[in-house]
Amino acid sequence: MTHDSSTGLVSDITPPWPPADGFVPARRRRPRWGLPSALIGLVIFIGVQLVVGVAVVLVIAASGGDLDDPPTLTLGLVSLLPAYLAVLLWQYLVARRKGAGIAVEYGLRFRWYDLFTGVAGGLAAMGLVLGGTLAMSKLTGIEPSSSVGTTVLESTQSGPVLYVFLLVIAFLGPFVEELHFRGMWWKAFRNRFGPVLTLLFTSAIFGAIHLEPVRMVGLLLGGMVFGVLRLLFDRVGPALVAHMLVNSVAAGSLFYELVLT
């Protein structure tokens with residue numbers, strides 16, 4: 001129903017929609033996914049690693065391989081890569097079919113200055129991870145150790161498989177984890193809770209999923225730094241740069257110890 005100001009008459013004719021000029025006001029809507037989808041992604045990530053890892057061990061045992069000295073780096077890659085691919089595929093399908101795509105749903109966007117804010121955040125995260133880990137070690141009397149570092153240092157494998165493993169830890173791992181924790185989990189919590197609870201919940205899950213009790217507090221603090229970057233800039237870019245810096249420094253130190261010394 002429209003009103004003609006020149007004649008004062010009211011017409012029952014409804015203007016066409018969309019308007020003739022093609023402009024349609026944007027409508028904000030909640031995505032058709034949430035915490036259950038994020039939880040399924042986490043289950044996929046853990047489950048694929050377990051299934052593939054057990055399957056590979058069984059194959060080695062059945063073929064008469066030496067399980068006393070297994071190829072740990074190869075086992076790590078064979079279990080990690082399918083798990084990374086599976087969770088990335090799940091997140092893509094959820095964002096594509098139930099949302100507006102990964103850039104909108106998970107904040108996977110970058111700006112040129114993310115490099116600088118990410119480096120600053122990464123340095124802060126390294127300091128907090130180290131401080132939290134040392135505090136827990138002193139409190140519990142347990143020597144701190146990283147599961148990845150232990151796997152690499154105790155492995156007898158070297159050469160290309162070592163280099164690929166370190167590259168995966170330095171770059172692919174942070175990409176998958178940030179898209180999952182500061183992307184999918186962040187959006188799922190943020191749609192139900194405020195920013196503070198979202199920051200605490202995602203950081204706690206991030207710290208716990210590594211299954212390293214002595215380093216858990218440090219990892220939680222590091223995760224909070226990544227979460228603060230996500231909160232301040234409303235995208236994953238700075239947190240991803242920070243996470244890659246932290247992991248690259250760790251991978252670089254392992255490379256230096258094993259290859260260059």
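Everything below is about the structure printed above this text.
What comes next concerns the included structure. Only a predicted model underlies this, so the values are computations on that prediction, with no experimental measurement involved. (Residues numbered from 1 in each chain as written. Predicted model: local features only at pLDDT ≥ 70, side-chain atom pairs only at ≥ 80, totals over all residues. Heavy atoms only, no water.)

Let us now look at unusual backbone geometry. The phi dihedral of Leu211 is positive, around 55°, even though this residue is not glycine. Inspection of the secondary structure puts Leu211 in the loop between helix H7 (195–209) and helix H8 (216–233). Despite not being glycine, Asp234 shows a phi value in the positive range, around 55°. You can see Asp234 is positioned in the loop between H8 and helix H9 (237–260). (Helix = DSSP H or I, 4+ residues; strand = E, 2+ residues; numbered from the N terminus.)

A few words now on the side chain of Arg215. Of note, Arg215 is situated in the loop between H7 and H8. In this view, Arg215 contacts Val129, Thr133, Ser145 and Ser146; residues no more than four positions away in its chain are not counted. (Contact = heavy atoms within 4.5 Å.)

The final tally for this structure, using the stated rule, is 12 aromatic pairs. Plain terms: the ring middles of Phe193 and Phe201 are 5.5 Å apart, the flat faces sit at 75° to each other, and that makes the pair edge-to-face. Residue class for Phe201 comes out partly exposed when judged on its relative accessible area of 32%. Across the ring face of Phe206, the terminal group of Arg182 is positioned such that the distance to the ring centre comes to 4.6 Å. (Phe/Tyr/Trp six-rings, centres within 6.5 Å; stacked < 30°, edge-to-face > 60°. Buried < 20%, exposed > 50% of the residue type's maximum accessible area, 1.4 Å probe, protein only. Lys NZ or Arg CZ within 6 Å of the ring centre and 35° of its normal.)

To characterise two packed helices, one gives the angle between the axes of the helices and the distance between these axes. Put simply, helix H6 (residues 160–190) and H8 touch, their axes get as near as 11 Å, and they point 55° apart. When the axis of H6 is compared with that of H8, the two are oblique. Crossing geometry of H6 relative to H8 is assigned as right-handed. Counted together, Glu178, Arg182 and Trp186 of H6 and Gly223, Phe226, Gly227, Arg230 and Leu231 of H8 form the full contact between these two elements. Tallied by class, residues from the contact of H6 with H8 come to 3 nonpolar, 2 polar and 3 charged. (Axes fitted to C-alpha atoms, helices over the stretch in contact; angles between N-to-C directions. Parallel < 35°, antiparallel > 145°, perpendicular 65-115°, else oblique. Left-handed = near helix turned anticlockwise from the far one by under 90°. Nonpolar A, V, L, I, M, F, W, Y, C, P; charged D, E, K, R; others polar.)

With that settled, the discussion passes to the nonpolar core. Ranked by internal contacts, the top residues of the largest apolar core, which has 21 residues, are Trp33, Tyr106, Met184, Trp185 and Phe226. Put simply, the parts of the chain that give this core at least two residues each are helix H1 (35–62), helix H2 (72–98), H6, H8 and H9. Top contributing element to this core by residue count: H6, with 6 residues. Once residues lying within four places of it in the same chain are set aside, the contact partners of Met184 are Trp33, Ser37, Ala38, Trp90, Gln91, Val94, Tyr106 and Leu179. Of all hydrophobic cores here, the second largest spans 18 residues; its members include Ala83, Val87, Leu166 and Val168. (Core = buried A, V, L, I, M, F, W, Y, C linked by side-chain atoms within 4.5 Å.)

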